[in-house]
Amino acid sequence: MAQVQKGICAEPNLHAQYLMFNVIDDDAQVIRAKLAHILNVFEHYDEEHYEAMVSGVIAIGSSYWSDLYPGLIPMELAPFPDMECDDRHAPATPCDIFIQIRADRADVCFAIGSEVCELLKGHVELFEEVKGFRYLDGRDLIGFVDGTENPKGMHKFDVAVVGDDDPDFVGGSYIHMQRYRTNMDRWQRVPVKQQEDIIGRTKEDNVEYASEDKAAFAHTKRSSLKDENGNSIEILRQSMPYGDMTVKGLMFLSFAKSPKPFTLMLKSMMYGDENGVYDKLLDYTVPETGAAFFAPSLTFIKRNKD
Ligand code: HEM
């Protein structure tokens, strides 16, 4: 049985360090070996600081995958779906290697991140790094609890992890990442009742609106989709707030057994319903980056390290 990378279905943590690399040499063999080594770094810190609940994810960008593992391609691997409609744009900003480090201690995230960078030095350029943090009782910076309707328990694996239908890639996960930047001044000028209408849930108590009370522009209306048989289309969200006193937003991360659910949801948010009613949240928070990855199983990374 292929072992799933620990960070894919992990419970939320207090801190995250996101590292985005582009590869600058063509020695794929070295990179494959270094990625397997990074798994040992995750394991080492997890054992040394078990109370920190360390979890990591190594993910390979859709356009770099076939350079790294030639001849072996996850069945549904696809570039990030760049979308544009009126003044809304969800850009594709490809990235070769994405490392997600999470723990309940910021110093442990920092130590692991430093070791990862040291290991990859000379082979990659780090073009973006973002620190994520848990905010209040699991809220995003717009003040709403984020993640409530996420799949729970073992159901996370059904939603986020590739099964037997792609035998070479069992235990892997398709990841979509978008760094959203929120216009806090604009959002804070919106009365709370209107903010709640935009999300489709109450703010303080996090109670879902009844379906008939949700506006077509509500975020939870636009992102909550069903297939032709009436089954829910699901992703596992592992998003976290990031920012400082000037720039604030959400590192949005979707994990799924196929790239399709995320793409359908983003389409519904960006282009809207049959009347063109789009997700009003997008008037206040804007995706500045967007990249698609595949995170293979631990077994795959270790087996293909030479
Ligand atoms: C800055 C961007 C975003 C913010 C602040 C945000 C915030 C939220 C909040 C507060 C909720 C309600 C609580 C919950 O169930 O988690 C929610 C639900 C949800 N969001 Fe987002 N979200 C963002 C982007 C996205 C994107 C890009 C997608 C997918 C493409 C997405 C998919 C979902 C889904 C599937 C739900 C659950 C809907 C339901 O079944 O009720 N979100 N989001």
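From a predicted model like this one, the values you see are computed outputs, not experimental measurements.

Reading the values: the criteria
- Residues numbered from 1 in each chain as written.
- Predicted model: local features only at pLDDT ≥ 70, side-chain atom pairs only at ≥ 80, totals over all residues.
- Heavy atoms only, no water.
- Helix = DSSP H or I, 4+ residues; strand = E, 2+ residues; numbered from the N terminus.
- Rg over C-alpha atoms; globule rule 2.2 N^0.38 Å.
- Buried < 20%, exposed > 50% of the residue type's maximum accessible area, 1.4 Å probe, protein only.
- Contact = heavy atoms within 4.5 Å.
- Areas by Shrake-Rupley, 256 points an atom, 1.4 Å probe, with all protein chains shown as cover.
- Lys, Arg positive; Asp, Glu negative; His and termini not counted.
- Charge placed at Lys NZ, Arg CZ, Asp CG, Glu CD.
- Donors = N, O, S within 2.8 Å, 3.2 Å for Na, K, Ca; no water.
- Phe/Tyr/Trp six-rings, centres within 6.5 Å; stacked < 30°, edge-to-face > 60°.
- Lys NZ or Arg CZ within 6 Å of the ring centre and 35° of its normal.
- Near = heavy atom within 4 Å.
- Polar contact = N/O pair within 3.5 Å; in protein donor to acceptor, adjacent residues only side chain to side chain.
- Axes fitted to C-alpha atoms, helices over the stretch in contact; angles between N-to-C directions.
- Parallel < 35°, antiparallel > 145°, perpendicular 65-115°, else oblique.
- Left-handed = near helix turned anticlockwise from the far one by under 90°.
- Nonpolar A, V, L, I, M, F, W, Y, C, P; charged D, E, K, R; others polar.
- Core = buried A, V, L, I, M, F, W, Y, C linked by side-chain atoms within 4.5 Å.

**Q** Now, about the overall build of the protein: what can you tell me, with residues and values included?
**A** A count of helices and strands for the protein gives nine helices and 14 strands. Here the C-alpha atoms of the protein give a radius of gyration of 19 Å, agreeing with the 19 Å that 2.2 N^0.38 yields for 306 residues. Over its C-alpha atoms, taken along the principal directions, the protein stretches across nearly 55 × 40 × 35 Å. Counting every position in the protein, which comprises 306 residues, the buried fraction comes to 53%. At a minimum sequence separation of 6, the contacts of the protein that also span at least 24 residues come to 79%. When the accessible surface of the protein is totalled, it reaches about 14400 Å², and 51% of it is carbon and sulfur. Positive and negative charge centroids in the protein, built from 32 and 50 side chains respectively, lie 3 Å apart.

**Q** Can you explain the coordination of the iron atom of the ligand? Please cite residues and give values.
**A** Donation to the iron atom of the ligand from the protein comes from one atom only, His219 (NE2), at 2.0 Å. Inspection of the secondary structure assignment puts His219 in helix α7 (residues 219-222).

**Q** Just give me the short version of the packing of aromatic side chains, but keep the residues and values in it.
**A** Tallying each qualifying case throughout the model produces 15 aromatic pairs. Taken together, the ring pairs in this structure connect Trp65, Tyr69, Phe169, Tyr174, Phe294 and Phe300 into an aromatic cluster. Taking the ring centre of Tyr278 as reference, the NZ or CZ of Arg88 above it sits at 3.6 Å. Geometry around Tyr284 places Arg186 over its ring, the cationic atom sitting 5.3 Å from the centre.

**Q** I'd like to hear about the environment of Asp213, residue by residue, with values.
**A** Mapped onto the secondary structure, Asp213 falls in the loop between α6 (192-199) and α7. Remark: the alpha-carbon pair of Asp213 and Asp197, spanning 16 residues in sequence, is separated by 8.7 Å.

**Q** Quick one: what's the story with the site of the ligand, residue by residue and with numbers?
**A** Around the ligand lies a shell of 24 residues, among which Gly147, Thr148, Glu149, His219 and Arg237 are the nearest. At 2.5 Å from an oxygen atom of the ligand is found a main-chain nitrogen or oxygen belonging to Gly147. Within the backbone of Thr148, an N or O atom sits 3.1 Å from an oxygen atom of the ligand. For the shell around the ligand, the elements supplying multiple residues, two or more each, are β7 (173-182), α7, β12 (248-256) and α8 (260-271). Sort the elements by how many residues they give to the shell around the ligand and α8 lands first, with four residues.

**Q** Go over the packing of helix α1 (residues 28-48) against helix α3 (residues 106-120) with me, naming the residues and quoting the values.
**A** Remark: α1 packs on α3, axes separated minimally by 10 Å, with the N-to-C direction vectors making an angle of 160 degrees. Between α1 and α3, the angle falls in the class roughly antiparallel. Two packed elements cross with a definite hand, and for α1 against α3 that hand is right-handed. Facing Lys34, His37, Ile38, Val41, Phe42 and Tyr45 of α1, the residues of α3 in contact are Val108, Ala111, Ile112, Glu115, Val116, Leu119 and Leu120. Class assignment of the residues belonging to the contact of α1 with α3 gives a composition of 10 nonpolar, one polar and two charged.

**Q** Please give an account of the nonpolar core that cites residues and values.
**A** Ranked by size, the top nonpolar core spans 39 residues in total, and within it Leu35, Ile38, Ile58, Ile99 and Ile112 carry the most contacts. Counting only elements with at least two residues in this core, the list comes to β1 (15-23), α1, β2 (55-61), α2 (65-68), β5 (97-103), α3 and α9 (298-303). When residues of this core are assigned to their parent elements, the largest contribution, nine residues, is made by α1. The contacts of Ile58, once residues within four sequence positions are left out, are Gln5, Leu35, Ile38, Leu39, Phe42, Phe98, Ile99, Ala295, Pro296 and Ile301. Val130, Ala160, Ile175 and Phe255 belong to the second largest nonpolar core, which has 23 residues in total.

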